[in-house]
Each structure stands twice: as C-alpha cells, then as structure tokens.
Amino acid sequence: MPELDRKAAAVFAGKVVRKDLVRKVKVGANVPVFVLEYLLGKYCATDDPVAIEAGLKVVNNTLASNFVRPDEANKAQSMVKDKGKHTFIDKVQVRYVSDDDKHWAELKNFGHKHVHIPEHFLRDYDRLLMGGIWVQLDLRHQYDEEQKGKRSPFWIDRLKPIQLATFDLDEYRACRKQFTTDEWIDLLLRTIGLEPSYFSRRQKLHYLIRLIPLTEANYNLVELGPRETGKSYGYQELSPYTILLTGPTTVANLFFNMATGKMGLVGIWDAIGFDEVADLQKMPKEVVTTLKTYCESGTFARGKDSLSGPASIAMFGNTNQPVEVMVRSSHLFMPMPDVIREDMAFLDRIHFYIPGWEMPKMKVDFFTNHYGFVVDYLAEALRELRKHTFTEVLDHHFSLGSHLKSRDVKAVRKTVSGLVKLIYPNGDLSKDDLAELVELSLEGRRRVKEQLKKMGSFEFHQVSFSMIDNESREEKFIGVPEQGGRDMISLDPLAPGSVYTSSVDDHAKVGLYRLEVGCSPGTGKLKIAGGVEGLMRESINRAFAYLMGQKVKMGIGQQVDTTDFHVEAIDLLCNQVPCEAGIALVVAIYSALKRQSVQAGLVILGDLSIQGNIKAMRSLAEPLQVAMDNGARKALIPLENKRNFLEVSGDIVERVDPVFFSDPMMAAMKALGLT
C-alpha cells in the first residue's frame, strides 16, 4: 500500500475509502455518493482483495434488500404491515410538532411523515433535527393506542446512521498535523476523485478554490472555461449542504416566499451553484437585482423586512472561444448573460475568478484508485469550519498595496481564509505558505478588476495589485497570466494613415481606437466603414467637411480632389464607447497623403467643429490613464485642456509626454514630427 494511503487509512480509520470502489458501485446504485462511501469505508477499508470483494458483496446486498425507491413507498409500507417488521435504508428527518407535544420522524423514500422515534436517538444523533441523515433502521408496524391526536402505526426500533452523525473538529485538526502540506492537498484532491500526480501545484489549488464556497460563508465565485472540466461536480456529489441549479429560478424560490413566509435557498443551503450561468438570462430581472444586493452584504429586502442568508454563490459557465481570442477581442466575462455581462456593479462583487481554461478536460486516467476522505466527513469538516474565520491571518506577515479598494481587500481576505480552512484548518502555516495563498488570492481578484478596467470605466483603472512584506517592506506586484489589454498602442511606428485616438464619455468610460485611413484614386469622397456609428461617425463627417474647406490652406488641395478616403475604426477595448475623433481624422488623412507615419506611441485627443474650432476634452485624467496603461508615450492634447493637466496624476505626467496644439493644422504637423 502506498505511503499516503497507509497513513490516511491509519490516521482517519473508517473515514477514508478507495475511490475506484465508489465508481464501481455508483454505476448500479441510485443513492447519494456520501451514503455509498460511508458503507464502503465501513466494509472495504483494507488492501486485502478478498476482504474488499466480501465487503463489496455486503454493500451491494445491503443496498439491494434495504434501499427503497420513492416510487415504491406504498409497496414498502404494505410490506411492513404484512411482515410486522423490516429493515430499510432511508433519509430520516425529525421535527417537533407542538400541537402533539411530540417529535415525529419523516422517512423520505418510505413516504411517511409521522413515524414514532425514541427520544434517545435525538440525543445521540443531533443531525436528525438539522436536515436529517441517511440511516439503516428497523421499522415496526403496531397499532397506536396511546397517542392522542395524530396516530401512526409505524415505530422505529433501531436506528444506525450510515452517514456521519457526529463530527469532532478538534480531532480533524489534530489528525491534519500528521500530514505534510503536499500530502494533505493530494488527499483532498483524491477525495474529489482525482489523481494528483496528473496536475500541477497551480491546478491543484484551483481545484481546491472551487470548494471555498462550501467552507466560507457569503463567498462569490465565478469559473468560466471549456466544457467537461468538472466545474460543478463539487456541488452535486461532495456535500449534502449544497444545491446546483440547472435552470431558471425565481426570487421567491431563491430568497424569500412572501406568500408562505418561508426562507428561500440562500437561507437553507451553504452554497448555491448556477451550473449554466447563461440561464440567468431567462430569469426575471428582479432575481438579478436582488442577487446583486445579496452578493455584496449577504442581505436582501423582501416586503418590509431586511433578511439575510449564509449561502455562498458559485457561477459556472462555458466559453466558446480560446482565452487568447477573448483577451484580444473583448473581456473574460463575455460568456456571462447579457443581464450581468456589462453590469460592472454586479461583477465587482465577485471575489475570485477561476481561469477555467487552465483546467484540463476530464479523462479516465485522471480518476484516482487511491484512498480519499468519505465525502460526508469532509463535508462536515468544511461546514463546521464555516463557523470560524481566518481573515486576519494575512496580517501576520503581509499587508496589501494601495491599489486595492475595500471590495478588493474583502475579496482577498475571504479567499485566503477559505484556502486556510481547506489546507491549514488549524491556522498553523508558515510565511512562505501564506505568501502562496495571498498571491493566488490577489491574482483571482485582479482578474475580475482587469475585466472591469477593459470595459472602459476609469474608476477601475488601479489594478496594480501588490502585497507588502511587513518585515522587509518589500512590495511584490501580482499579475494575471492571460493579462490582456496591454501595449495595444505599439511603440513601433504605424503605417501612414493610421493613428490612435481616445475620448471619455459622460459616465467616465473611455474609448480607445485605432483609426485607419486608406487612399484610392477618386474624386474626394469619404467612405466610412459600416461599424462606425453614432457620435464617432458624426465627428468624422464634421472633420472631413472642415478639411474639404481648408484643403488649399493645408497644401493638400490637389491630392484631396483626386483621392477617395476609406475610414475604419478598430475598437481596441471592445467596450463600444464612442469616440469623438475629429482631430484624429485630420491627422490620419494628412499622414496618408504625405505618406509619413505619425510619431510612435502617440495618442490623439480632441474633436473640432465644422468651422475648425477645437473642442476641449471633458477630462484628461481618464483617457490619459487608459492610454498610458496600453502603451502610449506621447499625447496630442488641445491647448484648451492645458489647465486640466494639473489634475493628472504624477505617474502619467512622468510617463506620457504632452504635446499641445491650438488648431488642426498644427496638430497634424506636430503629430508627424514636422515642427
């Protein structure tokens, strides 16, 4: 037996199971996996093939003779009446009924809500009163002579849990100390059913991050990636305290039903997974708006009341393009439904974005044949750890950089806390261990902020996330591997007729475009590509009208009259923010006719009226910040905005050289470096 298997079987005796046996039995048994694993852990926790074979027979015989399907409930009740007594496997939930002053047991598959149960079972197995547990029980049929009010002929004589009935967190933490960090991570991965030898350390940690919503209350997780990577597996098979939604839902079902006065899913489950996040598109808008409020604070309003719930939210979706294409042409939230894809307030509430494209598609080879925890045991551990928090652990050795705002700090702390609960449940970890968790937490949150920044909103431009060592004060900046939107403004000269331009709208969103002008023999006509609409099209037409009136003064009269101009605008940020590009068009046409490139790394700001009056920018800070972040080293700026340059941050002043102009001709000359 391999060393890790031997250690796991010895330290967690009866709480680990061989995962290949689970797959073998699961094929023919329609019972929860945690019930199967409990039985296998009890009868097959050995390396002896003969004993395993005998144990499998016991498990199969137990399921065949004692498990009742819901559609056989009436038959099972009749059988107990005829035989007088029978043994079943079923889920039992107990509730106290005040009218009867009595505890009644409900047998889910047996289909009876009023079964007598001795009080001592409630003291021994408190989870009977908290959602119920799967048990093997002896059920007796006897006429009820004593009970006043509600009568029932069914009595529980013996009850034996086949699901974990009690959990000792102190014991779990003590046993964890007998494993190294690598061994423990591998054991957790085998609990999921995967063989860790096939995965990198980074992939292993991403698999564990999928489990954070199970152990960290009010945690918001997103994973978008290719199909068949096992994104939602943990919410179907790993815990009885999670639910996976595979279709649209309602506010009443998800939050609170005002008609019945009952709490919805967020108050009942520890974690709620949306298997196909695109299904949110089919839900009422009220669901999304209420979910937005809930994801921020864990509270929501229904009627006159403000209510709260502990459930974490996990959203899973499929990507239809390679990540390189999404990074280059749009942003990484594109697979999300329309109702939230551009809702930056909603997306800003996401604590971690798992890069699903880094996770391999599931293959048979990836499934482990070694020992892992009985999933019900791990589920209990994770649930018990929800009562504890490790958000302050980060402060022991590190602090966070200035670019992290309050939501960023909250997201990073909750991710670190969740990873500590999973990997170091006793809170005992070294500085290097903590650094690894903090770096990964910063990366996952930065991935969210990078997309918000790409959408063009200036309020999210500070994405240089960093961690500072409390002892040495060394600051380490954390990036994201697929980091897109960088250096879109080339430092190499563009072809003549091509320029970069930018502007800001009323909502402080920035548009960044590459304007390309092509020339062909003609009669001085302007031909604008189909994708250019609205404000941008108007500003280009206005600038061209001015150019036609000033062509002789600019010394390009003959060339303009014998040339047709084809204009195309490429949206570099793909955020569809229109750009007023009048000055950029004049410069681009002048560059094309003179067959001379504009200066490398130059972005052109400003628009003009039909009479050639320069229109100042609404603000300089936003477009210059975006331009600098994307590689600009010079900016052509209207003279009217010179006073606004005082509002620009020192970082921009240091890295972007301003070039001011007072009229369109001067702008063209300076852009080409002719003055």
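The structure displayed is predicted, hence computed values, not measured ones.

A. Broad picture of the pairing of strand β12 (residues 299-302). Residues Phe300 and Arg302 of β12 are buried on one face, while the alternating residues Thr299 and Ala301, pointing to the opposite face, are not. Of the strand pairs in this sheet, β12 and strand β13 (residues 305-308) are connected by four bridges, and their pairing is antiparallel. Bridged to Arg302 within β13 is Asp305. Linkage of β12 to β13, two consecutive antiparallel strands, is achieved through a turn of two residues, within which Gly303 is found at a positive phi near 65°.

B. The arrangement of the sheet that holds strand β23 (residues 563-571) in detail. Sheet architecture is open: seven strands sit in the order β22-β23-β21-β20-β24-β27-β28, paired in mixed fashion. The sheet is open, and its two edges are formed by β22 (526-528) and β28 (657-661), each paired on a single side. When strand polarity is set aside, the average angle formed by the axes of neighbouring strands in this sheet is 30°. Relative to β23, strand β21 (residues 510-521) runs antiparallel, the two sharing nine bridges. Considered in β23, the bridge of Gly518 is made with His566. Across the face of the sheet, helix α23 (residues 582-594) comes into contact with β20 (498-504), β21, β23, β24 (602-604), β27 (634-638) and β28 while running at roughly 35° to β21. Those strands touched by helix α24 (residues 621-629) are β20, β21, β24 and β27, and its axis lies near 75° from that of β21.

C. Quick look at the packing of aromatic side chains. This model, assessed by the stated rule, comprises 27 aromatic pairs. Here a set of aromatic residues connected by ring pairs shows up, and it is made of Phe12, Phe167, Tyr172, Phe179, Trp184, Phe373 and Tyr377. Above the plane of the ring of Phe179 lies Lys7, whose end atom (NZ or CZ) is 5.4 Å from the centre.

D. Seen up close, helix α7 (residues 169-176). Here α7 has its buried residues at Leu169, Tyr172, Arg173, Cys175 and Arg176. Each buried residue of α7 lies within a common arc of 165° when the element is viewed along its axis, so the set occupies one face. Tucked inside the fold, the buried residues of α7 contact α1 (3-11), α8 (181-192), α18 (375-385) and α19 (406-423). Sitting at the amino-terminal end of α7 is Asp168, which places a side-chain oxygen 3.1 Å from the backbone nitrogen of Asp170.

E. Representation of the side chain of Glu223. Relative to the assigned elements, Glu223 resides in strand β7 (residues 220-225). Of the residues examined, Glu223 reaches a relative accessible area of 0% and is grouped as buried. Only 2.8 Å separates the side chain of Glu223 from the side chain of Arg210, close enough to count as a polar contact.

F. Fine view of the sheet that holds strand β15 (residues 352-355). Read across the open sheet, the five strands follow the order β8-β11-β14-β7-β15; overall the sheet is parallel. A strand with exactly one partner marks an edge of an open sheet, and here the two such strands are β8 (242-245) and β15. Each strand axis lies, on average, 15° off the axis of its neighbour in the sheet, ignoring direction. Of the pairings in the sheet, the one linking β7 to strand β14 (residues 312-318) comprises six bridges and is parallel in character. Each residue of the ladder has a partner; that of Leu221, found in β14, is Ala314.

G. Spotlight on the nonpolar core. Grouped together as the largest cluster of nonpolar side chains are 90 residues, with contacts concentrated most on Phe12, Leu40, Tyr172, Phe373, Ile423 and Leu442. Sequence-distant contacts of Ile423, that is, excluding residues within four places in its chain, are made with Arg176, Thr181, Trp184, Ile185, Leu205, Leu208 and Leu437. Formed by 42 residues, the second largest nonpolar core is a distinct cluster that contains Val222, Leu224, Met283 and Val323.

H. Local environment of the packing of α19 against helix α20 (residues 431-454). It is the contact of α19 with α20, at a shortest axis distance of 9 Å, that shows an interaxial angle of 135°. In terms of orientation, α19 lies oblique with respect to α20. In the crossing of α19 with α20, the sense of the turn from one axis to the other is right-handed. Across from Arg407, Asp408, Ala411, Val412, Thr415, Val416, Leu419, Val420 and Ile423 in α19, the residues of α20 making contact are Leu434, Leu437, Val438, Leu440, Ser441, Leu442, Arg445 and Lys449. Taken together, the residues of the contact of α19 with α20 sort by class into eleven nonpolar, two polar and four charged.

Calculation notes
- For every chain, the first residue of its written sequence is number 1, and the numbers climb from 1 along that sequence.
- Only residues with pLDDT of 70 or above have their local features reported here, since the model is predicted, and side-chain atom pairs are shown and tallied only from 80 upward, although totals for entire chains, interfaces and linings are computed over all residues.
- The basis for every side-chain value is the complete set of non-hydrogen atoms in the structure, without hydrogens or water.
- Throughout this description, buried means an accessible area under 20% of the type-specific maximum (1.4 Å probe, protein chains only), exposed means over 50%, and partly exposed covers the range between.
- Working definition: helices are DSSP H or I runs of at least four residues, strands are E runs of at least two. Numbering for both runs from the N terminus.
- Between any two strands, at least two bridges found by DSSP are needed for them to pair.
- Fitted lines through C-alpha atoms give the axes, limited to the stretch in contact for helices. The angle between two N-to-C directions lies from 0 to 180 degrees.
- Whether two residues touch is decided by their heavy atoms; if any such pair falls within 4.5 Å, the residues are in contact.
- Classification of ring pairs rests on two measures: the distance between centres of Phe, Tyr or Trp rings, Trp counted by its six-membered ring, which must be within 6.5 Å, and the angle between planes, read as stacked under 30 degrees, edge-to-face over 60 and tilted in between.
- In this scheme, Lys NZ or Arg CZ marks a charge over a ring once it lies within 6 Å of the ring centre and within 35 degrees of the ring normal.
- The arc in question is formed by the directions pointing from the helix axis toward the C-beta atoms.
- Think of a polar contact as two N or O atoms within 3.5 Å of one another; within protein, one of them needs to be a possible hydrogen donor and the other a possible acceptor, and neighboring residues in sequence only count if both atoms come from side chains.
- Throughout, nonpolar core names a set of buried Ala, Val, Leu, Ile, Met, Phe, Trp, Tyr and Cys residues whose side chains join them through atoms within 4.5 Å.
- In what follows, roughly perpendicular refers to angles from 65 to 115 degrees, roughly parallel to angles under 35, roughly antiparallel to angles over 145, and oblique to any angle outside these ranges.
- If you view the pair so one helix is near and one far, a crossing is left-handed when the near helix is turned anticlockwise from the far one by less than a right angle, and right-handed when it is turned clockwise.
- In this classification, the charged set is Asp, Glu, Lys and Arg, the nonpolar set is Ala, Val, Leu, Ile, Met, Phe, Trp, Tyr, Cys and Pro, and all remaining amino acids, among them Gly, are polar.

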